[in-house]
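The primary structure of each chain is shown beneath.
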Amino acid sequence: RLDEVGRALAAQVEVTHAYVRRPGPDWPYRLYTMVHAASEESCADLVRRWASQFGVTDYQLLPTVREWKKSPPVYFT
């Protein structure tokens, strides 16, 4: 279901990044998304709604703790 859920989450307007990674020995998660919301609470509400909608029961939220740089990418000048 990785592709199915990944595509569904990538289609959400609040999701700016959606990608798959290899799981680690102590970290089984493979699908990652970056979600932008007005608050940590509203982000958690969105994720709970999507988890219910897409039948996902095992997930973790990883809120941003600190931001060092935020600027738009420059690909070519």
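The structure under discussion appears in the preceding block.
Cut-off values and rules
- Residues numbered from 1 in each chain as written.
- Predicted model: local features only at pLDDT ≥ 70, side-chain atom pairs only at ≥ 80, totals over all residues.
- Heavy atoms only, no water.
- Helix = DSSP H or I, 4+ residues; strand = E, 2+ residues; numbered from the N terminus.
- Buried < 20%, exposed > 50% of the residue type's maximum accessible area, 1.4 Å probe, protein only.
- Contact = heavy atoms within 4.5 Å.
- Areas by Shrake-Rupley, 256 points an atom, 1.4 Å probe, with all protein chains shown as cover.
- Lys, Arg positive; Asp, Glu negative; His and termini not counted.
- Charge placed at Lys NZ, Arg CZ, Asp CG, Glu CD.
- Arc of directions from axis to C-beta.
- Expected span 1.5 Å × (residues − 1).
- Core = buried A, V, L, I, M, F, W, Y, C linked by side-chain atoms within 4.5 Å.

Draft legend 1. Seen up close, the overall build of the protein chain. Of regular secondary structure, the protein chain possesses two helices and two strands. Each helix and strand of the protein chain, placed in order from N terminus to C terminus, yields the pattern α-β-β-α. When the backbone C-alpha atoms are referred to their principal axes, the protein chain occupies close to 45 × 30 × 25 Å. Put simply, the protein chain has 77 residues, and 21% of those count as buried. Sequence separation of 24 or more characterises 36% of the internal contacts of the protein chain that already satisfy a separation of 6 or more. For the protein chain, the exposed area adds up to about 6700 Å²; of that, 53% sits on carbon and sulfur atoms. Considering the protein chain, the positive charge centre built from 10 side chains and the negative charge centre built from 9 side chains are found 7 Å apart.

Draft legend 2. Up close: helix α1 (residues 2-10). All of the buried residues in α1 are Val5, Gly6, Ala8 and Leu9. Axial view of α1: buried residues confined to an arc of 165°, hence all on one face. Exposed residues on α1 whose side chains face more than 90 degrees from its buried face are Asp3 and Arg7. Lining the buried residues of α1 we find β1 (15-20), β2 (31-35) and α2 (40-54).

Draft legend 3. Fine view of α2. Taking 1.5 Å of rise per residue, 15 residues should cover 21 Å, and α2 covers 21 Å from first to last C-alpha, within 8% of that figure. All of the buried residues along α2 are Cys43, Ala44, Leu46, Val47, Trp50, Ala51 and Phe54. For α2, the buried positions fall inside an angular range of 160° around the axis, keeping them on one side. Opposite the packed face of α2, turned more than 90 degrees from it, sit the exposed residues Glu41, Ser52 and Gln53. Those residues of α2 that are buried are in contact with α1, β1 and β2. After α2 finishes, the residue Gly55 shows a positive phi value of roughly 70°.

Draft legend 4. Structural context of the nonpolar core. Grouped together as the largest cluster of nonpolar side chains are ten residues: Val5, Ala8, Leu9, Val15, Val35, Cys43, Leu46, Val47, Trp50 and Phe54. Listed by contribution, the elements that provide at least two residues to this core are α1 and α2. Here the element with the most residues in this core is α2; it accounts for five residues. Those residues in contact with Leu46, other than ones at most four positions away along the chain, are Glu14, Val35 and Ala37.

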